[in-house]
There are 2 protein chains.
Amino acid sequence: MNYKSLELFFKPKSVAVIGASRNPEKIGYQLLKSLIEVGYNGEIYPVNPKADEILGLKAYPNMSSIKKPIDLAIIAIPAGGVPEVIREAGEIGVKCAIIISGGFKEVGGEGVKLEEEVKSIAKTYGIRIMGPNCIGVYDPHNNMDTLFLPRDRALRPKKGDIAFISQSGAMGVAFLDWMTMENIGLSCFVSYGNKADVDEIDLLEYLMHDEKSKVIAMYVEEITNGRRFIEVARKVSIIKPIVAIKAGRTMEGAKAVSSHTGALAGREDIVEAAFKKAGIIRAYDTHELFDYARALATGRIAQGDRIAIVTDGGGAGVMATDKLTDEKRGVGLKLAELKEETKNELKRCIPQFAIPHNPIDLTGNANPEMYKNVLEIVLKDENVDGIVVITLIHPPMMNEKIVDEVEEVYRKTSKPILVAATGGAPTQRVLRAFQERGIPSYPEVERAVKAMRCLVDRGRYLKKLRGDIH
Amino acid sequence: MNYKSLELFFKPKSVAVIGASRNPEKIGYQLLKSLIEVGYNGEIYPVNPKADEILGLKAYPNMSSIKKPIDLAIIAIPAGGVPEVIREAGEIGVKCAIIISGGFKEVGGEGVKLEEEVKSIAKTYGIRIMGPNCIGVYDPHNNMDTLFLPRDRALRPKKGDIAFISQSGAMGVAFLDWMTMENIGLSCFVSYGNKADVDEIDLLEYLMHDEKSKVIAMYVEEITNGRRFIEVARKVSIIKPIVAIKAGRTMEGAKAVSSHTGALAGREDIVEAAFKKAGIIRAYDTHELFDYARALATGRIAQGDRIAIVTDGGGAGVMATDKLTDEKRGVGLKLAELKEETKNELKRCIPQFAIPHNPIDLTGNANPEMYKNVLEIVLKDENVDGIVVITLIHPPMMNEKIVDEVEEVYRKTSKPILVAATGGAPTQRVLRAFQERGIPSYPEVERAVKAMRCLVDRGRYLKKLRGDIH
């Protein structure tokens, strides 16, 4: 099937909500509310045989009675009724359906049969199915939101350029919420659940063509069609980076996956080899998924592994250096050796007692302008492939102007610059401001260093593809 | 020297602030302000020859003119004037001095000589010196605060039971600020800078006897007297755990230390062996220091390595399992095998379609009461040495009552329970509430799992000391 057939999941001109409800405790109520609150600008048709109106919208007893074209059916009724609804949708020419309902393959037994029935009907009518057992789509660019969780409980990230697809709805929501907290922008989100039809492979293909998505983050527990997955992911990852958490990578984790979704997690060594072949960047711990994704979303890669560290805290500089250069507990990159010329220039703009070598410690006398001057000098140095900038906000002359000064330099270079600072609320404000300007920022120096490693790896990967090195 | 001689740094009946200033841009102003704002309840004597009154307090031209007993002198004047001030302090019987001023050993040359002079004078008069080149003490239990950073820039943690000593003032402040954000309580903080006199060894001895400190966190770049350090730390760590970041552990990091403070970071293999011998728990990344410290501060240890995971998100449970059981990228603990009896009991209180095995997935139908019931059952199981409780807040029946329910169970057991949840502001509120009740909580499942490892290690260490295992 063509990736274009997925477009209606993200920008349908009209949607029918089957199982729409007036009861705020019901999924069919929250779902409708999310669509309204996100400002969906097509037609919405609530379907509920027992209501005339829901949330101010005229309700219909069934889809057939709507008598207008329906691009997308969103289904939130008990599993047993779903096959019939899909058949009705097929009869009136609906092209896509998101089946939110659970009670299919994931519960085993009858559920498996029910899912097969749905698949077969959908195939007959050529309807594309997302789910079942999923939470669907959130696309802030197209004002599309099928998440049945209230916006004040499950925060929605702002518009951005990171696509996120998740096999698990709960993990999806938790990550979206986390993205909001860290002020990371989203291009679109898909929870695809049991993947009766649309799976991660389809979505990767779709997202490859989605211009607003600069990077694809994914949470998966099971890769169904390994060979095809590698083939597609490899093609996609040349165009835009893919970062993935593959949960269930230990024997015990794999067992847990099987009871979570009935899926087979697959052997870790095979997954590892497959991801490598496909050019997928692997995230392990929770924070890594979006730490890496946001660094990669800048489109900047490191042309080599020689990194400079600029800091206003000596200790923080030492910790970043440890993480950077350690092969075992760190990322095994190199501390850039500054050229003599660079050192001489630096001497003129750092405090008198500071020593102009890498990590470059501006000391507690640092101020925003000093950062700008130093960064400009360091960026000219051909021995530097990327910079981790540590901006502790506590020194007396430091203030929020640091964001402007660093941004000014950032705009003039194509080398990667990642920011880090440790601290409480005032620090978090500065970090959010950096993120707002599109400069990735991290609450721990180690996280910035790990993200820099990603940009080095990405650079190596692209070079290898181009045949520069073998 | 006796550890008791350090008491006056934390609870002096009177302090003189030498270099007190009316200029808000000066250290001597902020310092005085901090003392007032923290509610220091002894006598404060600002010393400044050019002022009659500072911040509403009568000022004195010098210490001799105060004519009243002074327990502690806090010195914030240019380095050159410090020896004379120490001599004056000695003459009038001051017992302790914190030298905030920089410009000593850390700048080399003349600074080294100046520091030697100060040491020699202090020795003559028997004055204990903290610093120079430090920010001194913050002790919320004794309303003591010599930090010269405004409270709205460098947030101060609440009262608690974690002591924190830091060689670096800047890292100290950054960590305090971080603790505030994560709602972690502090027993006292010391930045001891160049350690002309008081060093980490003295402080460990002092803190061993400090009842309000249940655990000691430390940031060090250099251990001066290795043999004595091991001896004291070993003695202390039997009584209360010590968690330490030793920065400068790579070759490049060690070089950076040397230009940061002029100190020798020491060979990593020696440090590693020394810490192990001393029973010190090592933290590497920024978050680990207080993640471990707060778990250890509960006083609970795991009697074995068999851990249960209770979750309302299948995916989060899988990720926690991966981290728990992975030897290479995780902590290499065991997923507890629940007894048949436990499983049977669990069946009665988890959702019908949920499977009663570890990780125990309460699914999106979880509610706070279900957590309580499940935890009570799991805690009875002798195969379980500790529990990681994942409380994603997004499922419809989850709410802040989860904190009460978990706490109720927590109070009735001595097994360690650590909480984790991923998400934005609403999640962070719940995590802070857990922390408020003394139940360690973490924003990532992996961080909780790593902290649990600490409690297993601590358990092993104490057992080994008691000769149970060899």
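In this text, all values refer to a predicted model and were calculated from it rather than measured experimentally.

Undergrad: Can you lay out the pattern of salt bridges for me, pointing to particular residues and giving the numbers?
TA: All names here are of chain A. Enumeration according to the criterion identifies 82 salt bridges over all chains in this entry. One salt bridge connects Arg447 with Asp291, and the closest N-O pair in it is separated by 2.6 Å. Residue Arg447 is located in helix 16 (residues 445–465), and its partner Asp291 is located in helix 10 (residues 286–297); the two are separated by 156 residues in the primary sequence. Neither Arg447 nor Asp291 differs from the other in exposure class; each is buried. For Glu405, the salt bridge goes to Lys372, with nearest N and O atoms at 3.8 Å. Placement of the pair is Glu405 in helix 14 (residues 401–411) and Lys372 in helix 13 (residues 368–380), with a sequence separation of 33 residues.

Undergrad: Residues and numbers for the interface of chain B and chain A, please.
TA: Between chain B and chain A, the contact holds 65 residues from the first and 66 residues from the second. Both faces combined, the contact of chain B with chain A buries some 5,100 Å², and carbon together with sulfur accounts for 61% of it. At the boundary of chain B and chain A, one finds 4 salt bridges. In this structure, the connection of chain B to chain A is made through 32 residue pairs in polar contact (both at pLDDT 80 or more). It is helix 11 (residues 314–325) of chain B that provides the largest number of residues to the side of chain B that touches chain A, a total of 9 residues. Split into classes, the residues belonging to the side of chain B that touches chain A amount to 30 nonpolar, 20 polar and 15 charged.

Undergrad: Would you mind going over the packing of helix 11 of chain B against helix 16 (residues 445–465) of chain B in detail, with residue names and values included?
TA: All names here are of chain B. Taken N-terminus to C-terminus, the directions of helix 11 and helix 16 make an angle of 35°; their axes are 9 Å apart at the nearest point. The chirality of how helix 11 crosses helix 16 is right-handed. Each of Ala316, Met319, Ala320, Lys323 and Leu324 in helix 11 lies in contact with helix 16, whose residues at this interface are Val445, Glu446, Val449 and Lys450. For the contact of helix 11 with helix 16, the residue count by class is 6 nonpolar, no polar and 3 charged.

Undergrad: Tell me about empty space enclosed by the protein, and name the residues and values.
TA: Within this structure, the stated rule accounts for 2 cavities of 30 Å³ or more. Roughly 60 Å³ of internal volume is contained in the largest cavity. Residue assignment for the lining of the largest cavity shows that the elements contributing at least two residues are helix 11 (314–325) of chain A together with strand 13 (242–246) of chain B. Here the lining of the largest cavity takes 3 residues from helix 11 of chain A, the largest share from any one element. For the second largest cavity, the calculated volume is near 50 Å³. Ile245(A), Lys246(A), Ala247(A), Arg249(A), Ala283(A), Tyr284(A), Asp285(A), Met319(B), Asp322(B), Lys323(B) and Glu446(B) together form the lining of the second largest cavity. Of all elements in the fold, only strand 13 (242–246) of chain A together with helix 11 of chain B reach the threshold of two or more residues within the lining of the second largest cavity. Among the elements that line the lining of the second largest cavity, the one with the most residues is helix 11 of chain B, at 3 residues. Its residues assigned to classes, the lining of the second largest cavity shows 5 nonpolar, no polar and 6 charged.

Undergrad: Please set out helix 11 of chain A residue by residue, giving values where relevant.
TA: Residues and elements named next belong to chain A. An ideal rise of 1.5 Å per residue puts 16 Å on 12 residues; helix 11 measures up with 16 Å between its terminal C-alpha atoms. Burial analysis of helix 11 places 12 of its 12 residues in the buried class, which makes it a mostly covered element. Among all positions in helix 11, only Gly314, Gly315, Ala316, Gly317, Val318, Met319, Ala320, Thr321, Asp322, Lys323, Leu324 and Thr325 are buried.

Undergrad: Run through a nonpolar patch on the surface, naming residues and quoting values.
TA: All names here are of chain A. Taken together, the side chains of Ile238, Ile239 and Leu465 present a nonpolar region at the surface, about 260 Å² in accessible area. Mapped onto the fold, Ile238 is located in helix 7 (residues 226–239). Assessed through its relative accessible area of 41%, Ile238 is described here as partly exposed.

Undergrad: Describe the pairing of strand 19 (residues 417–420) of chain B, and please don't skip the residues or the numbers.
TA: Residue and element names in this part refer to chain B. Burial of strand 19 is two-sided: the residues Ile417 and Val419 facing one way and the residues Leu418 and Ala420 facing the other way are all buried. Two elements, strand 18 (residues 386–390) and strand 19, share 4 bridges in a ladder whose sense is parallel. Paired with Val388 across the two strands is Leu418, which belongs to strand 19. Handedness of the crossover is the feature at issue here: the chain leaves strand 18, passes through helix 14 (residues 401–411), returns alongside strand 19, and the resulting connection is right-handed. Taken together, the 2 bridges between strand 19 and strand 20 (residues 441–442) define a ladder with parallel strand orientation. Each residue of the ladder has a partner; that of Val419, found in strand 20, is Ser441. Chirality of the crossover, the property in question, places the unit of strand 19, helix 15 (residues 425–436) and strand 20 among those that are right-handed.

Undergrad: Please provide a residue-by-residue account of the sheet that holds strand 1 (residues 14–18) of chain B, values included.
TA: Residues and elements named next belong to chain B. Pairing is parallel across the open sheet formed by 5 strands, whose spatial order is 2-1-5-6-7. Only two strands of the sheet have a single partner each, and these edge strands are strand 2 (43–47) and strand 7 (128–130). On average, adjacent strands in this sheet sit at an angle of 20° to one another, irrespective of strand direction. One ladder, built from 4 bridges, connects strand 5 (residues 72–75) with strand 6 (residues 96–99); its direction is parallel. Bridging from a neighbouring strand, Leu72 pairs with Cys96 of strand 6.

Undergrad: Now, about the relation of the copies chain B and chain A: what can you tell me, with residues and values included?
TA: Put simply, the second copy of the chain is the first one after a rotation about an axis and a shift along it. The two copies are related by a screw operation: chain B maps onto chain A through 180° of rotation and 0.0 Å of translation along the axis, at an RMSD of 0.0 Å. Both copies of the chain, as the preceding transformation shows, are related through a two-fold rotation axis. Every residue of chain B has its C-alpha some distance from the rotation axis, and the shortest such distance is that of Arg329(B), at 4.9 Å. Of the interface residues in chain B, 100% have counterparts in chain A that sit at the interface too, so the contact is made through matching surfaces.

Criteria and cut-off values
- Residue indices follow the written sequence of each chain, beginning from 1 at its first position.
- To read the labels, note that chains go from A and ligands from 1, taken in the order they are written.
- Per-residue local features are limited, in this predicted model, to residues with pLDDT of at least 70; the limit for side-chain atom pairs, both in listing and counting, is 80 or more; totals at the level of whole chains, interfaces and linings are taken over all residues.
- The basis for every side-chain value is the complete set of heavy atoms in the structure, and neither hydrogens nor water enter the calculation.
- When a carboxyl oxygen of Asp or Glu lies within 4 Å of a side-chain nitrogen of Lys or Arg, that pair is called a salt bridge.
- Numbering of helices and strands starts at the N terminus; helices are DSSP runs of H or I of at least 4 residues and strands are runs of E of at least 2.
- The classification of residues rests on relative accessible area computed with a 1.4 Å probe and restricted to protein chains. Under 20% of the type maximum is buried, over 50% is exposed, and intermediate values are partly exposed.
- By definition, residues are in contact when any of their heavy atoms lie within 4.5 Å.
- Reported buried area values correspond to the accessible surface (1.4 Å probe) lost by two parts on association, with both partners' losses combined.
- Any N or O atom pair separated by 3.5 Å or less is treated as a polar contact, with the protein-specific requirement of one donor-capable and one acceptor-capable atom, and with residues adjacent in sequence counted only for side-chain atom pairs.
- Gly falls in the polar group here, along with every residue not listed as nonpolar (Ala, Val, Leu, Ile, Met, Phe, Trp, Tyr, Cys, Pro) or charged (Asp, Glu, Lys, Arg).
- Only the contacting stretch of a helix is used when fitting its axis, a line to C-alpha atoms as for every element, and angles between N-to-C directions run 0 to 180 degrees.
- Two helices cross in a left-handed way if the nearer one is turned anticlockwise from the farther one by less than a right angle. They cross in a right-handed way if the turn is clockwise.
- The way it works is a 1 Å grid over only the protein atoms, where trapped points that fit a 1.4 Å probe form a cavity and open points with protein on both sides within 12 Å along at least five of seven lines form a pocket, and then any residue with an atom within 4 Å of a point lines it.
- Grid points are joined across faces, edges and corners, and a volume is the space filled by probe spheres set on the points.
- One less than the number of residues in a helix, times 1.5 Å, gives the span that helix is expected to have.
- Patches draw on residues past 30% relative accessible area with no salt bridge. Two like charges within 9 Å are joined, as are two nonpolar side chains (Val, Leu, Ile, Met, Phe, Trp, Tyr) within 5 Å.
- Every accessible area reported is derived by Shrake-Rupley at a probe size of 1.4 Å, with residue values counting cover from the shown protein chains alone.
- Here, strands pair whenever DSSP counts at least two bridges between them.
- Convention used here: a crossover is right-handed provided that the path from the first strand, over the helix, to the second strand proceeds clockwise when the strands point away from the viewer.
- Our superposition of the copies is a least-squares fit, built on the C-alpha atoms of residues whose pLDDT is at least 70 in both.

Without other data, these values stay purely geometric and don't point to any function.
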